[in-house]
Amino acid sequence: MSTKRKILIWILVLLLALIFAAVWLLQGDEAELAVDEVSGTDPALVEPESEIVPTVRIAEPVGWADGETPEAAEGLAVTRFADGLEHPRVIHTLPNGDVLVTLTRAPAKESGGGFVDWVAGLLMSRAGAGGESPDELVLLRDGDGDGAAEQRFVLTGDLESPSGIAWADDTLYVANHDALLAFPYELGATRITSEPRVLMDLPPAGNHWMRNIALDPEGEHVYVAVGSASNIGEKGMEIEEGRAAIWEYDLAENRQRMFATGLRNPNGLDWNPWSDELWTTVNERDMLGSDLVPDYLTNVPIGAQYGWPWVYWKDNFDRRVKAPMPNFLVEYTRRPEYALGPHVAALGLVFSAEGARMGPRFQQGAFIARHGSWNRIPPAGYDVVYVAFDERGNPQGKPVPVLTGFLTGKGTTRGRPTWVDWSGDGALLVSDDTAGIIWRVIAPGAEPQPAIERIVNESLPPQRELGGTSASFSEDYARESVQP
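Values in this document were obtained by computation on a predicted structure and should not be read as measured data.

Looking now at the overall build of the protein chain. A count of helices and strands for the protein chain gives four helices and 31 strands. When contacts within the protein chain are restricted to residue pairs at least 6 apart in sequence, long-range pairs at least 24 apart make up 62% of them. As presented, the protein chain carries roughly 22,700 Å² of accessible surface, and 53% of it is formed by carbon and sulfur atoms.

Given below as structure tokens:
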């Protein structure tokens with residue numbers, strides 16, 4: 001055999017070995033647990049397996065055919081409230097019944113992001129999240145009350161990757177990716193002409209660019225969720241300053257403060273009706289396998305720390321993190337209240353509310369849009385679920401499907417549920433960003449539900465001296481106590 005022929009054979013063997021190695025690396029980690037097993041108040045947490053190459057399983061959006069709708073839970077009906085929208089994300093219903101929606105995508109990346117950012121861009125494009133951001137705030141109006149918006153108006157297009165929306169006292173609050181804005185706005189207006197006030201600057205863009213907001217029940221503070229710029233701080237913790245956190249902005253004092261930290265990517269924000277406490281959905285870290293780490297739903301008391309990036313689920317260390325861990329972090333890290341499943345991408349959150357018409361089965365809990373995984377085998381999420389709460393305002397059981405059928409079973413998806421809010425007539429509105437649709441879900445014939453009664457605990461008497469067997473508990477622990 002000639003030397004040239006031997007060289008060609010060795011080259012062929014090397015190429016085959018490289019191909020087999022690439023296939024092995026890219027096949028990804030297949031889940032051993034069902035999503036429900038990694039959900040609820042006591043999720044199963046497997047031993048972490050650090051991935052050199054992330055598991056990738058993109059469900060490419062193919063859209064909904066004419067007449068197709070998601071599958072609603074028994075007793076519910078789903079119709080189109082609006083369609084033909086360009087990447088609708090956050091929705092917010094005003095007191096007069098008008099529905100606002102931000103049409104938005106991630107801000108354009110600066111050049112020179114490197115190979116990893118280039119690959120991430122390709123993956124997000126395939127998942128339906130690529131392209132230029134429309135940067136519009138749109139008003140949808142169902143003037144004839146038939147459950148579909150026949151009127152739409154662009155309130156403003158002078159925004160930068162907008163997300164969160166809130167309104168109170170003739171002021172409309174909108175969060176760009178880099179700033180919290182306030183516009184003068186009277187209910188019913190179909191155009192914003194005034195320039196906004198910049199209330200506070202926000203850390204811009206990053207891996208997680210959405211900035212979702214909520215006003216407190218008194219209308220005194222705006223809360224802003226800001227996600228991290230990385231998975232586990234691998235770009236350095238300096239870039240994470242002000243991120244992975246929820247901020248509080250005081251409207252009267254015109255100042256902000258960090259409200260809670262250690263939340264990798266907080267998203268939906270709403271107020272627990274039993275306690276008036278802020279709750280949020282959080283997207284956890286990647287590249288520990290298809291069974292880790294579960295996204296979660298949790299309360300957010302002031303000063304809360306949830307451990308990112310050093311620990312997850314209270315006391316599980318992430319050994320991949322290179323940044324020095326703060327002293328006593330585990331001692332004051334909180335355990336999340338409720339796991340929503342690994343890589344489900346939990347986004348929009350809304351609690352059961354007075355006037356909702358979802359029937360008796362769905363009158364005491366929270367509705368959550370699970371946008372869907374890009375890095376789990378098999379895919380997880382791509383649905384809207386309901387989490388039941390007990391009489392003390394604590395989550396219980398497993399997530400109950402409300403809207404499904406987004407996945408086709410052929411490796412593609414018809415759409416991706418993104419946000420949830422109540423319409424003026426008590427229906428649940430669900431934005432579907434890749435399909436450009438807002439769905440309307442209702443229990444036909446259901447009466448509007450009553451308000452959930454807030455739990456008020458009597459103040460404990462002051463403790464006069466140390467010692468004894470009695471203990472003082474905060475409201476946070478009183479919420480978890482058993483009713484007498």
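Let us now look at the side chain of D433. Relative to the helices and strands, D433 is located in the loop between β30 (428–432) and β31 (437–442). Note on D433: relative accessible area 2%, which makes it buried. Of note is the side chain of D433, whose polar atom sits 2.9 Å from the side chain of H371. What D433 contacts, discounting residues up to four positions off in sequence, is H87, P88, R89, H371, R416 and T418.

In space, the four strands of this open sheet follow the order β9-β10-β11-β12, with antiparallel pairing throughout. The outermost strands of the open sheet, each flanked by one partner alone, are β9 (165–168) and β12 (197–201). Direction aside, the axes of adjacent strands within the sheet are offset by 20 degrees on average. Alignment of strand β10 (residues 171–175) against strand β11 (residues 179–184), held across five bridges, turns out to be antiparallel. Bridged to Y173 within β11 is A182.

The next subject is the pattern of salt bridges. Counting across every chain of the model gives 15 salt bridges. Ionic pairing is found between D286 and R264, a salt bridge with its closest N-O pair at 3.6 Å. Here D286 is found in the loop between β18 (277–283) and β19 (294–299), whereas its partner R264 is found in the loop between β16 (255–261) and β17 (265–272), with 22 residues between them in sequence. In this structure, the salt-bridge partner of R370 is D383, at a minimum N-O distance of 2.8 Å.

Here we come to the nonpolar core. If you look at the biggest cluster of nonpolar residues, it comprises 32 residues, and the most contacted ones within it are L137, L140 and L172. Looking at this core, the elements that each hand over two or more residues are β4 (77–82), β5 (88–93), β6 (99–103), β7 (136–141), β9, β10 and β11. When neighbours within four sequence positions are excluded, L172 is seen to be in contact with L100, L137, L155, I165, A166, W167, L181, A182, F183, Y185 and I192. Formed by 26 residues, the second largest nonpolar core is a distinct cluster that contains A356, M358, Y386 and V430.

Bringing the sheet that holds strand β15 (residues 245–250) into the picture now. By definition, the strands of a sheet pair up through backbone hydrogen bonds, in either a parallel or an antiparallel sense. Pairing in this open sheet of five strands is mixed, and the strands run β13-β14-β15-β16-β20 from one edge to the other. With one partner strand each, in any of the chains shown, β13 (211–215) and β20 (304–305) form the two edges of the open sheet.

A separate point is the environment of E391. By secondary structure assignment, the location of E391 is in the loop between β26 (383–388) and β27 (400–404). The class for E391 is partly exposed, based on a relative accessible area of 46%. Separated by 62 residues in sequence, E391 and E453 place their C-alpha atoms 9.3 Å apart. For E391, the side chain forms a polar contact with the side chain of Q364, separated by 3.3 Å.

The next point concerns the confidence of the model for the protein chain. Summing up the model confidence of the protein chain, the mean pLDDT is 91 and the portion of residues at 70 or higher is 85%. The least confident element of the protein chain is helix α1 (residues 3–26), whose mean pLDDT is 53; the most confident is β30, at 99. Low pLDDT (under 50) marks residues 16–26, which in the prediction has two contacts with non-local residues, meaning those over four places away or in another chain. Segment residues 466–473 is flagged for pLDDT under 50; beyond a separation of four residues in sequence, or across chains, it makes three contacts in the model.

It is worth spelling out unusual backbone geometry at this point. The omega torsion across L292 and V293 is -10 degrees, close enough to zero to call that bond cis. Examined against the element boundaries, V293 turns out to sit in the loop between β18 and β19. Note the cis peptide between I377 and P378, where omega equals -5 degrees. Along the chain, P378 falls in the loop between β25 (365–370) and β26. The phi dihedral of D276 falls on the positive side, at around 60 degrees, and the residue is not glycine. Mapped onto the secondary structure, D276 falls in the loop between β17 and β18.

Cut-offs applied
All residue numbers here refer to positions counted from 1 along the written sequence of the relevant chain. pLDDT decides what is reported in this predicted model: residues at 70 or higher carry local features, side-chain atom pairs at 80 or more are listed and counted, and totals for whole chains, interfaces and linings draw on all residues regardless. To obtain the side-chain values, all non-hydrogen atoms of the structure were included, while hydrogens and water were left out. Only DSSP runs of H or I covering at least 4 residues are called helices, and only runs of E covering at least 2 are called strands; the numbering of each starts at the N terminus. Throughout, a contact is declared for two residues whenever any of their heavy atoms are within 4.5 Å. Per-residue and other accessible areas were derived by the Shrake-Rupley procedure at a 1.4 Å probe size, with only the shown protein chains allowed to occlude residues. Using a 1.4 Å probe on the protein chains alone, a residue whose accessible area is under 20% of its type maximum counts as buried, one over 50% counts as exposed, and one in between counts as partly exposed. Two N or O atoms count as a polar contact when they lie within 3.5 Å, although within protein this holds only if one can serve as hydrogen donor and the other as acceptor, and sequence-adjacent residues are included solely when both atoms are side-chain atoms. For two strands to be treated as a pair, DSSP must find no fewer than two bridges joining them. Only the stretch in contact is used when a helix axis is fitted, and all axes are lines through C-alpha atoms; the angle between N-to-C directions ranges over 0 to 180 degrees. The term salt bridge refers to a pairing of a side-chain nitrogen on Lys or Arg with a carboxyl oxygen on Asp or Glu at a separation within 4 Å. Working definition of a nonpolar core: buried Ala, Val, Leu, Ile, Met, Phe, Trp, Tyr and Cys residues. They are joined through side-chain atoms within 4.5 Å. The predictor reports its confidence for every residue as pLDDT, a score running from 0 up to 100.

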